[in-house]
Amino acid sequence: MMGLLTRSAPRTVYKTEAGEVVYGMMAEFATPAEISHAAEKVRDAGHSRWDVYAPFPIHGIDEAMGFKHTPIALACALIGLTGAGLGFLLQWWVTGQAYPMVVQGKPFTAWESFIPITFELGILFTAFTALGGMLAFNKLPMFYHPLFKKERFLRVSDDRMIICIEAADPKFDPTKTRELLESAGATSIELVEE
Amino acid sequence: MSTIHPDEYGARRAAGLEGAPIEPVNDPETLDGTIIDDPSTRPPLVLNDRSFHDITNIVCGYAENKPGRWWMPVFGLVATIASIGGLFILYLLITGVGTWGLNNQVDWAWDITNFVFWIGIGHAGTLISAILCLLKQKWRTSINRAAEAMTIFAVICAGTFPAIHVGRIWFIWMVFPIPNSNAIWPNFRSPLLWDVFAVSTYATVSLLFWYMGMIPDLATLRDRAHLEHMKNPNGRRLLPFLPVTVSRFRASAYGLFAVGWRFSSRHWMTYERAYLILAGISTPLVLSVHSIVSFDFATSVLPGWHTTIFPPYFVAGAIFGGFAMVLALMIPARELYPNMKDLITVRHLENMAKIILVTGSMVGFAYSMEFFIAWYGGNQNELFAFINRATGPYAWAYWTMISCNVISPQLFWIKRCRTSPVWIMIVALAVTVGMWFERFVIIVTSLHRTFIPGQWGMFYPTIVDIMIFVGTIGIFLTLFMLFLRFLPVFAMSEIKNVTPQADPHAGHDDHAHDDDGHDSTHAQTEPA
């Protein structure tokens, strides 16, 4: 968002020897413990555009990477309550205004019998928000990504653990980033082309 | 720079350098090593020290390799049953509900019995995926995917019955509040309409939950297919005349549904939160759905239906019947795919047997309480309805229900029974039968002898009744067979996450076989 408002300095574009634009540098680590420690080092080095890729959510990695909270719970709560409200409104309008019918001599807008459907619609809207919000906040679906070209990366979904620091990171520097990853205990390091 | 595999042992074994893993434990006390009564000891959730790669191989193997010889005949059989059921549904739609055995007195019978039966089956799946998730029961990870799949297939079968029982299926849209030129609207004070919303919400939320849980595993299947394609770009073709290899097709098909998931930790964080929210809302949802189903009966004035115990009693019964179905599906699957035994241990079976024992006893308590209140409430009609259930013309159904639902689970007090797959299977099948009869007893015996003896009648099912029910069993099993064949049957990422080597705070000992002495992450079999 800030990028839209203030013109940021043009980033340095790095190229490989073959002339391809560099997306970032990825390093493999052997175990969840090692990658957690490495993530702490990368975080402490002040990087901002980087990520840890692992076949499962590593316990405590959010702290090791220095994440802030995700807004998905708030989105679910707001849209869920909207759904419940709409559900109640629908029933109130249909039963009390559009098509009033005497059922068991109850007042047309007696709210008690509206509770089950109000509840169900609240749940329904929340569920759609949970899945839709997860995809939206994660910018998915995204069928293309530079990392997918790397054979090593395709094994993350099996058992590998990889840190990738993007070239767009202001702190990215081919030599220093490599040194940082090496000192963090990477077992292999390679450049990722855009 | 060399690549150090996180699990050398697994890698060596995959490369054929290491033979079969550890000798399977076969101890009379702990069976496969998981039946440990000492609460200070955590039995392993995955046997044989499986590495991450092993877990991927096992689970993806079901979807990637040709299935055993049993698959095609079984699939053919259940698909035939499903098709026959479909033809009978077609016949019913063309001819009308007069082809069922319903009559003026018993105007709800097999249709609603089957509906409640199937919707109840689904509840175990949601219980495992949602409630056990909130309670942090790690053992759920090996059974949740299959149980959620079962939920969706059961809800599909359940939804068939209300739709076809309306008689004029082309008016089914009238159950939804859709503006129409007659300016009429559904009655929102009717529990039957609540049911429409509850069941459709339940089906949708279960599907979303199932799908979201599957995204990472579909991505694993995608990546493996892609690697296979890179390794062998001229592999087997999908069809002889199409220039598309099987692996290319699989990568695209799984890839489409995996929405480009790339296992990013930033994604995982939002994903886990969203998963927790879904679990959190599914918990009250599952309780509400069967409560609302029970309102269909409880809010009427019919003796035998008009009771306040119905919502909790129905929910307990649903979970009871659902767990029985999970077991009835997973025990044979576990025998047919022997390496499933590493993921679904005897401990998992025992845990589920214990839940069956608890919920079965709740159901038994509810049966006796209903009877007690019928007498204690002093309402003649109510008491008659219950005495008629136990001694009237449908007494055989009532006593089938009691013996299957109340007596048979009591076997699980005996440790040898609740840890033996054969015994569990027998009880699970008995419970499935019993739970069908429970709904039959509630619905038919309450209706067939109501207030005026002149109206009394009997219900006899016709061949159409029977074949449509059998057909839904076929539909259910067909869908389950397809699931076993093409989708990740286990939640791989979740299972990997509960293995000891996934713990980042366990030092550096992540090898399945680490001989430097501090394998504190592994299950301790000696008492602490």
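As shown above, the structure is provided for reference.
Since this is a predicted model, take the numbers as computed values, not measurements.

## Looking at the packing of helix α10 (residues 346–376) of chain B against helix α14 (residues 421–448) of chain B
Residues and elements named next belong to chain B. Orientation of α10 relative to α14, taken along the N-to-C sense of each, is 30 degrees, at an axis distance of 11 Å. Helix-helix and strand crossings are classified by hand; for α10 and α14 the assignment is left-handed. In this structure, α10 contributes L349, A353, I356, V363 and Y367 to the contact, and α14 contributes P421, I424, V431 and E438. For the contact of α10 with α14, the class distribution of residues is eight nonpolar, no polar and one charged.

## What about the interface of chain A and chain B?
Opposite the 81 residues of chain A that make contact, chain B presents 71 residues. Carbon and sulfur atoms make up 69% of the surface buried where chain A meets chain B, a total of about 6700 Å² over both sides. For the pair chain A and chain B, the interface holds one salt bridge. A salt bridge links B:R266 to A:D51; its shortest N-O distance comes to 3.8 Å. At the junction of chain A and chain B, the tally comes to 23 residue pairs in polar contact (both at pLDDT 80 or more). Elements that contribute at least two residues to the side of chain A that touches chain B include exactly α2 (32–44), β2 (50–53), α3 (61–65), α4 (72–98), α5 (115–137), α6 (151–154) and β4 (188–193) of chain A. Among the elements that make up the side of chain A that touches chain B, the one with the highest residue count is α5(A) (15 residues). Per-class residue counts for the side of chain A that touches chain B are 51 nonpolar, 16 polar and 14 charged.

## Here's the deal with the side chain of B:D465
Residues and elements named next belong to chain B. Structurally, D465 can be placed in helix α15 (residues 463–486). No salt bridge forms around the buried D465; measuring N to O, its nearest opposite-charge neighbour R439 is 16 Å away. A polar atom in the side chain of D465 sits 2.8 Å from the backbone nitrogen of G101. Excluding residues within four positions of it along the chain, D465 makes contact with W100, G101, W110 and F459.

## Overview of the packing of aromatic side chains
The final tally for this structure, using the stated rule, is 49 aromatic pairs over all chains. Measuring from centroid to centroid gives 5.4 Å for A:W93 and B:W185, while their planes differ by 85 degrees, and the two rings are edge-to-face. Of the two residues, A:W93 is situated in helix α4 and B:W185 in the loop between α5 (144–165) and α6 (191–231); the pairing between them involves two chains. Its relative accessible area of 40% is what places A:W93 among the partly exposed residues.

## Considerations on helix α2 (residues 52–64) of chain B
For an α-helix, 3.6 residues make a turn, and residues three or four places apart therefore share a direction. Residue and element names in this part refer to chain B. In this model, α2 (13 residues) spans 17 Å end to end at C-alpha, consistent with the 18 Å of a helix rising 1.5 Å per residue. Of all 13 residues in α2, eleven are buried, a share of seventy percent or more. Residues F52, H53, D54, I55, T56, I58, V59, C60, G61, Y62 and A63 constitute the buried set of α2.

## Section: a negative patch on the surface
A cluster of acidic residues, A:E40, A:D62, A:E63 and B:E272, forms a negative patch at the surface. Residue A:D62 is classed as partly exposed on the basis of its relative accessible area of 34%.

Rules and cut-offs
Residues numbered from 1 in each chain as written. Chains lettered and ligands numbered in written order. Predicted model: local features only at pLDDT ≥ 70, side-chain atom pairs only at ≥ 80, totals over all residues. Heavy atoms only, no water. Axes fitted to C-alpha atoms, helices over the stretch in contact; angles between N-to-C directions. Helix = DSSP H or I, 4+ residues; strand = E, 2+ residues; numbered from the N terminus. Left-handed = near helix turned anticlockwise from the far one by under 90°. Contact = heavy atoms within 4.5 Å. Nonpolar A, V, L, I, M, F, W, Y, C, P; charged D, E, K, R; others polar. Buried area = accessible area lost by both parts, 1.4 Å probe. Salt bridge = Lys/Arg side-chain N within 4 Å of Asp/Glu carboxyl O. Polar contact = N/O pair within 3.5 Å; in protein donor to acceptor, adjacent residues only side chain to side chain. Buried < 20%, exposed > 50% of the residue type's maximum accessible area, 1.4 Å probe, protein only. Lys, Arg positive; Asp, Glu negative; His and termini not counted. Phe/Tyr/Trp six-rings, centres within 6.5 Å; stacked < 30°, edge-to-face > 60°. Expected span 1.5 Å × (residues − 1). Patch = residues over 30% accessible without salt bridge, like charges linked within 9 Å, V, L, I, M, F, W, Y side chains within 5 Å. Areas by Shrake-Rupley, 256 points an atom, 1.4 Å probe, with all protein chains shown as cover. Charge placed at Lys NZ, Arg CZ, Asp CG, Glu CD.

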